[in-house]
Amino acid sequence: HNGEDSIMKRVLIIGAGFLQDFVICKAKEMGYETHAVDADPNAIGFKHADHYAVVNIVDEKACLEYAKANNIDGVLTAATDYGVLTAAYIAKEMGLPGLKYEVAQLIKNKYEVRKCLYENHVDDTEQAYEVHEDTNIEELARKIVYPVMVKPCDGSGSRGASRVDRAEDLKEACEYAIAGSITNRAEIETFITGREYGAESLVINGEVHVLGVMQKWMTKPPYYAELGHSIPSDLKTEVEEKVKKCVTNAIKALGVNFGSVNMDMLITEDGKVYIIDIGARMGGNMIGPCIIPYGTGVDYMAAMIQNAVGDSVDLNKEDKCAVATRLLAFDGGIVKILPNMEEVEKQFDVEIYHHLEEGMKVNEYHTNLDGCGYIVAKAETLKEAVYKAEAALDYFKRVIFEE
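In this numbering scheme, every chain counts its residues from 1 along its sequence in written order. It should be noted that, the model being predicted, local features are given only for residues of pLDDT at least 70 and side-chain atom pairs only at 80 or more, the latter also being counted only at that level, while totals for whole chains, interfaces and linings use all residues. Here the side-chain values reflect all heavy atoms present in the structure, with hydrogen atoms and water set aside.

Asker: Please provide a residue-by-residue account of the overall build of the protein, values included.
Answerer: Helix and strand labels come from DSSP, where a helix needs a run of H or I of at least four residues and a strand needs a run of E of at least two; each type is numbered from the N terminus. Across its full length, the protein holds twelve helices and 18 strands. Against the 2.2 N^0.38 benchmark of 22 Å for 403 residues, the protein shows a C-alpha radius of gyration of 21 Å, consistent with a compact globule. Across its three principal directions, the C-alpha atoms of the protein cover 65 × 55 × 45 Å. Partly exposed describes any residue whose relative accessible area lies between the buried limit of under 20% and the exposed limit of over 50%, with all areas from a 1.4 Å probe on protein chains only and scaled to the type maximum. In the protein, which comprises 403 residues, the proportion classed as buried is 58%. Considering only contacts in the protein between residues 6 or more positions apart, those separated by 24 or more positions represent 63%. Both definitions apply: the radius of gyration is a C-alpha atom measure, and the globule rule equals 2.2 Å times residues to the power 0.38. Two residues form a contact once any of their heavy atoms are found within 4.5 Å.

Below, the structure is given as structure tokens:
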């Protein structure tokens, strides 16, 4: 890294929570001066960042002041939708590499995104509606083809989402989604019976690089929260190629000019692709630190950081293998026994990243926020990797809540 510029470049990471911490540590390891902002004074990333401030990441002006005062050379956010606008705003105001602010605004509105993809025939979507408190839901309920999925137009994770099978249940679902939305808006789209997959891309100098397509494991309805990922996926080669094409076309249709793009999609038995969610930032749930680098060989977080500070980006592939993750997701309870993690890692041949503590109350797993960490397994084959991760998860389920 040092050959390129003798001065240590300064990078600002918007957010300093559990998943952003990996980015902070990576940037530091690469020789950049790291700065972080987060509203939580105890954010874990503050322990590792060279400099930090307690600032709410949605407060664009306050974050910009911090960025200017520290003369930063690059800005990015990771694993949360709440920092996307702020990062774009700072980049715009300081003339740094970044996502166009109006594109960041567009991506924040899930309905506008859906409408844009729909109008540009990016995927196989059939219907898309937006509702707010003034919408005549009774009238809309009569013209919709059921089942539909109703979810907030903004926000992160799976809060406020539900499936509706009958006209008479639409109103309640819309109210639930509106309540879960910052802008008090919800969107309605066809409920797809398919399996969920993810794709992670990086846009460098306007060029789209789809780094990887991931298979996903989800909770049962009504919550639809992630339980784990893997690379390779189980998709047929031609379907995976179609996914990459859809992802690239979506990124272009939305005008994403820069940075990470995390996408979720449903794929039906007959290979129809429906993009259901897009974040203009690195995906969460260990996609950056483990899933993409292990599964594709690309050092994704390093590339993302280089891109943000305007250094040349290295997408060279090192060794890759099959990788599978499982969230530490439970039915709830009090953690009675915390096993020795190093021994568990050795026993099951996995990596464990967690925030479990003895005596801690664990919620029943409904959204990503209820997760207690991650199990990451590498192997020669997808089947082996999944087996290792699930064996370790079963062990945790048996042991930690024991009297």
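Asker: Describe the nonpolar core, and please don't skip the residues or the numbers.
Answerer: Nonpolar core, defined: a set of buried Ala, Val, Leu, Ile, Met, Phe, Trp, Tyr and Cys residues in which side-chain atoms within 4.5 Å join the residues together. Core analysis: the biggest nonpolar cluster contains 52 residues, and Leu-12, Val-37, Ile-90, Val-256, Met-263 and Met-265 have the highest contact counts within it. Once residues within four sequence positions are removed from consideration, Met-263 is found in contact with Tyr-197, Gly-198, Ala-199, Val-247, Ala-250, Ile-251, Ile-275, Asp-277 and Ile-278. If you look at the next biggest cluster of nonpolar residues, it comprises 46 residues, including Val-11, Leu-76, Tyr-300 and Ile-305.

Asker: Would you mind going over unusual backbone geometry in detail, with residue names and values included?
Answerer: Among all residues save glycine, negative phi is the norm, and among peptide bonds the norm is trans. In this structure, Pro-147 follows Tyr-146 across a cis peptide bond, with omega equal to 0°. Of note, the amide linkage connecting Ile-231 to Pro-232 takes the cis form, showing an omega dihedral of 5°. Its place among the elements puts Pro-232 in the loop between strand S11 (226–231) and helix H8 (237–254). Of note in the backbone geometry, Ala-79 takes a positive phi value of approximately 60° without being a glycine. For Ala-79, the position within the fold is in the loop between strand S4 (74–77) and helix H3 (84–94). The backbone of Asn-285 shows a phi angle near 50°, a positive value even though the residue is not glycine.

Asker: Explain the packing of helix H5 (residues 110–119) against H8 to me, and be specific about the residues and the numbers.
Answerer: Taken N-terminus to C-terminus, the directions of H5 and H8 make an angle of 110°; their axes are 10 Å apart at the nearest point. As the angle between them shows, H5 and H8 are arranged roughly perpendicular. Seen from above, H5 lies across H8 with right-handed handedness. Residues Val-113, Cys-116 and Leu-117 of H5 lie in contact with H8, whose contacting residues are Ala-250, Ala-253 and Leu-254. Class assignment for the residues of the contact of H5 with H8 results in six nonpolar, no polar and no charged. Axis geometry follows a simple rule: fit a line to the C-alpha atoms, using only the stretch in contact for helices, then measure angles between N-to-C directions, giving values from 0 to 180 degrees. Note that the term roughly parallel is reserved for angles under 35 degrees, roughly antiparallel for angles over 145, roughly perpendicular for angles of 65 to 115, and oblique for everything else. Crossing handedness follows the turn of the near helix against the far one: under a right angle anticlockwise gives a left-handed crossing, and clockwise gives a right-handed one. Amino acids are sorted into nonpolar (Ala, Val, Leu, Ile, Met, Phe, Trp, Tyr, Cys and Pro), charged (Asp, Glu, Lys and Arg) and polar (every other residue, Gly among them).

Asker: I'd love a proper account of the sheet that holds strand S16 (residues 351–354), names of residues and values included.
Answerer: Strands pair, by our definition, only if DSSP identifies at least two bridges between them. Ordered by their spatial adjacency, eight strands build an open sheet running S13-S12-S9-S10-S11-S14-S18-S16, and the pairing between neighbours is antiparallel. The outermost strands of the open sheet, each flanked by one partner alone, are strand S13 (273–279) and S16. Strand-to-strand twist of the sheet, defined as the mean angle between neighbouring strand axes without regard to direction, takes the value 25°. One ladder, built from four bridges, connects S16 with strand S18 (residues 373–379); its direction is antiparallel. Bridging from a neighbouring strand, Ile-352 pairs with Ile-375 of S18. Against the sheet, H8 touches strand S9 (195–204), strand S10 (207–218), strand S12 (259–267) and S13, its axis set at about 120° to S10. Here helix H10 (residues 300–309) sits on the sheet in contact with S9, S10 and S12, set at roughly 40° to S9.

Asker: Please provide a residue-by-residue account of the sheet that holds S4, values included.
Answerer: Strand order across the open sheet formed by four strands is S3-S2-S1-S4, with parallel pairing between neighbours. Each end of this open sheet is capped by a strand with a single partner; those strands are strand S3 (51–54) and S4. When the angles between neighbouring strand axes are averaged without regard to direction, this sheet yields 20°. As paired strands, strand S1 (residues 10–14) and S4 are joined by four bridges and run parallel to one another. Across the sheet, the residue bridging to Leu-12 is Val-75, located in S4. Sheet contacts for H3: S1 and S4; angle to S4, the most-contacted strand, approximately 170°. Seen against the sheet, H10 touches S1 and S4 and runs at an angle of roughly 135° to S4.

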